[in-house]
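# Observations on the three-dimensional arrangement
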Amino acid sequence: MTASQTNPYNSMPELLESIERNMILDALKKEKSTRKAAQKLGVTQSLLMRRVRKYGIDVHAESANQQNSRISI
């Protein structure tokens, strides 16, 4: 089995972008604000927002998911 058969990414930049996007999604789900999410990630809020736009992440949808996950029945 070759490396290309075990790795679904075509390049290192593609893999790194996937990791970055997943880290941003995770931080946004866990934190109440983009400011706190940026702090958690160790970046500025403006950098976080540039990445959010780059990856097409809906910040409002992520915060709604966070609120829904905290509702107990």
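Residues numbered from 1 in each chain as written. Predicted model: local features only at pLDDT ≥ 70, side-chain atom pairs only at ≥ 80, totals over all residues. Heavy atoms only, no water.

## Considerations on the nonpolar core
The biggest cluster of nonpolar side chains holds 11 residues, and these are Ile24, Leu25, Ala27, Leu28, Ala37, Ala38, Leu48, Val52, Tyr55, Ile57 and Val59. For this core, the elements supplying multiple residues, two or more each, are helix H2 (12–30), helix H3 (34–41) and helix H4 (45–55). Looking at this core element by element, the count peaks at 4 residues for H2. Dropping the residues within four chain positions of it, Leu48 is found in contact with Ile24, Leu28, Thr34, Ala37, Ala38, Leu41 and Val43. (Core = buried A, V, L, I, M, F, W, Y, C linked by side-chain atoms within 4.5 Å. Buried < 20%, exposed > 50% of the residue type's maximum accessible area, 1.4 Å probe, protein only. Helix = DSSP H or I, 4+ residues; strand = E, 2+ residues; numbered from the N terminus. Contact = heavy atoms within 4.5 Å.)

## Describing the side chain of Thr34
In this structure, Thr34 sits in helix H3. At 2.6 Å, the side chain of Thr34 and the side chain of Gln45 are in polar contact. Contacts of Thr34, omitting those with residues within four sequence positions, involve Leu28, Gln45, Leu48, Met49 and Val59. (Polar contact = N/O pair within 3.5 Å; in protein donor to acceptor, adjacent residues only side chain to side chain.)

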